[in-house]
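Remarks on the overall topology
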Amino acid sequence: MHARLITESIYWVGAIDWDRRLFDDLIPLPDGTTYNAYLVRGAEKTALLDAVDPAMLDTLLARLSSAGIEKIDYVVSHHTEQDHSGGIPRILAQYPEAQVLASDKAKGLLTDHLGLSEDRLRVVQDGETIDLGGLTLEFIYFPWVHWPETMLTWLPERRVLFTCDLFGSHLATSDVLAHGDPRILPAAKRYYAEIMMPFRGFIEKNLDRVTALDPAMIAPSHGPVYDEPGLILAAYRDWVSGPPKSLVLLPYISMHGSTRILVDHFVDACARRNVGVEQINLVDADVGKLAVLMVDAATIVLGTPTVLGGPHPRVAYAALLANLLKPKARHLSVIGSMGWGGKAVEQLAAAVSSLKLELLPPVLCKGLPKPADIEAVEALAEAIAGKHAGL
Ligand code: FEO
C-alpha cells in the first residue's frame, strides 16, 4: 500500500472499501466507498488531513510508512464522524509529536466521541493559517455539511481545496483522480441526496466563498479527487439553488391491485401532458435511488392502500424519509385505495409537514377504481401540469 502523489508535495494516503454495502446501517453503497486522507509535506512540517475509518487504519499506516513518514506535526480533523476521525487516536499514539487541529465546535465532539485528550488538540479559527514551510493550510469554517463542526482546508500554493464530506461520492475506484470518469457525477448526486440535501441552505450560504477560490482541485474524503472542479461546483449550484424540475416522484405500494390501477392511469395522464413521472415500487426500492429523485422532483405523489386505517407502512417510511431529506418539492398528493375508510391522506400529509408542500386534491378509491376515480386522477394530472408550467 503506497502513498500516491496527487500534485506536488500532496499525497493521497486513504483506503478503498470495495465491499462495504451499507453506511450508517441506512444508506446503500452499491459501489462501495473510499475513506480519503491526504498528506501535505511542507519544507518544515508535515500534516495529515483526516484519518480513515478505523476498520481500515492499517492501510493508512502502511501508506504513511511507504512514504517514509517518521514524524507528523499536525492532524487536521475536518469532521468528527468516525469514518474520518476514528483512526486519529492510533495515529496520535504512533506519532507522539502530532497535534490535532480542529474547529472550535469539533473540540468537544472529538473528546466526546474519541476520548481525545485536550492537550493533543488545538482549536483553529475560521480563516486561520498554519505555515508548513512553503505550503500553507488555511481553514475555512463550513458548518453543517453535515455536522456543526465541519471545516475545509485551502492550500493556496497548489490551489487545492480539501472538503471532507462536502462534494464527496461513495464510489470505490482505484483511480485517485476523477479524470472525467462518467460515474462520478451520478455518484456525487446520490451522495448529495442522502447526506447533504437537508443542509442545502447552509451550502448555498457558503458556496460562493469556496467557488471564489477557483480551486484547481477539490479533494473530498469520499470518492475521487476532482481535477476539473468546475463540474462538481456547477452541479452543486443546480442541486442546491436551481428550481425543481417538472418531475413527479411516485413512490407506491399496491396490495391487491387497486392502487396500482390508479398509479398506471396517473402516470399515463401525466405523460400525455408532458409531465415526467418516476414510479417507484416500494416493495424492493433502493432508498438511495428514491433520495436521488427527490433532488429534482417538483411534486411528490404517494400511492398507498389503506392499512389498519392509515397508509401502508412502507409508504409512511418514504414520507418520513422525504421529511428528513428536505427536498425542494413544492406539491404533494396521495392516490390510493381503501376498503371502508381511514386517515391515510391526513397521516401522510402530517408525515411531511416540515416540507410545507401544497396539498393537491388526493384520489382515494373505495375498492376497485371507478370511472369517477379515473376522472379524478386525470384532474390531478391536469392540476400538476398547470403547477409545473414554466419550470
Ligand atoms: Fe464521511 Fe460524515 O462522514
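Refer to the structure printed above.
Let me sum up the structure you'll find in this document. This is a predicted model, so every value here is computed, not measured.

Conventions we followed
Residues numbered from 1 in each chain as written. Predicted model: local features only at pLDDT ≥ 70, side-chain atom pairs only at ≥ 80, totals over all residues. Heavy atoms only, no water. Core = buried A, V, L, I, M, F, W, Y, C linked by side-chain atoms within 4.5 Å. Buried < 20%, exposed > 50% of the residue type's maximum accessible area, 1.4 Å probe, protein only. Helix = DSSP H or I, 4+ residues; strand = E, 2+ residues; numbered from the N terminus. Domains from an automatic or database assignment. Contact = heavy atoms within 4.5 Å. Axes fitted to C-alpha atoms, helices over the stretch in contact; angles between N-to-C directions. Parallel < 35°, antiparallel > 145°, perpendicular 65-115°, else oblique. Left-handed = near helix turned anticlockwise from the far one by under 90°. Nonpolar A, V, L, I, M, F, W, Y, C, P; charged D, E, K, R; others polar. Polar contact = N/O pair within 3.5 Å; in protein donor to acceptor, adjacent residues only side chain to side chain.

Let us now look at the nonpolar core. Membership of the largest hydrophobic core comes to 61 residues, with the highest contact counts inside it found for Leu166, Phe167, Tyr192, Met196, Ile203 and Tyr236. A total of 8 residues in this core trace back to one element, the largest contributor, which is helix H5 (residues 184-196). When residues of this core are sorted by domain, at least three fall in each of domain 1 (4-241) and domain 2 (249-384). Once you skip the residues sitting within four places of it in the chain, Tyr192 turns out to touch Met197, Arg200, Ile203, Tyr236, Trp239, Val240 and Val295.

What follows deals with the packing of H5 against helix H7 (residues 229-241). Their axes nearest at 11 Å, the elements H5 and H7 cross at an angle of 40 degrees. The pairing of H5 with H7 is recorded here as oblique in orientation. For the pair H5 and H7, the crossing hand works out as right-handed. For the pair H5 and H7, contact is made by Leu185, Ala188, Lys189, Tyr192 and Met196 and by Leu231, Ile232, Ala235, Tyr236, Trp239 and Val240, respectively. By residue class, the composition of the contact of H5 with H7 is 10 nonpolar, no polar and 1 charged.

The next point concerns the environment of Arg21. Here Arg21 shows up in the loop between strand S3 (15-17) and strand S4 (22-23). Assessed through its relative accessible area of 45%, Arg21 is described here as partly exposed. When the C-alpha atoms of Arg21 and Trp340 are compared, they prove to be 42 Å apart, with 319 residues separating the residues in sequence. Among the polar contacts listed, one links the side chain of Arg21 to the backbone oxygen of Trp18, at a separation of 3.3 Å.

Moving on, we get to the packing of helix H6 (residues 200-211) against H7. Where H6 contacts H7, the two axes come as close as 10 Å, and the packing angle between them is 150 degrees. Between H6 and H7, the angle is such that the two are roughly antiparallel. Considering how the two elements wind past one another, H6 and H7 form a crossing that is left-handed. Where H6 approaches H7, its residues Arg200, Ile203, Glu204, Leu207, Asp208 and Thr211 are matched on the opposing element by Leu233, Tyr236, Arg237, Val240 and Ser241. Grouping the constituent residues of the contact of H6 with H7 by class yields 5 nonpolar, 2 polar and 4 charged.

Right, let's talk about the side chain of His170 for a bit. Counting through the fold element by element, His170 comes out in the loop between strand S15 (160-164) and H5. At 2.7 Å, the side chain of His170 and the side chain of Thr33 are in polar contact.

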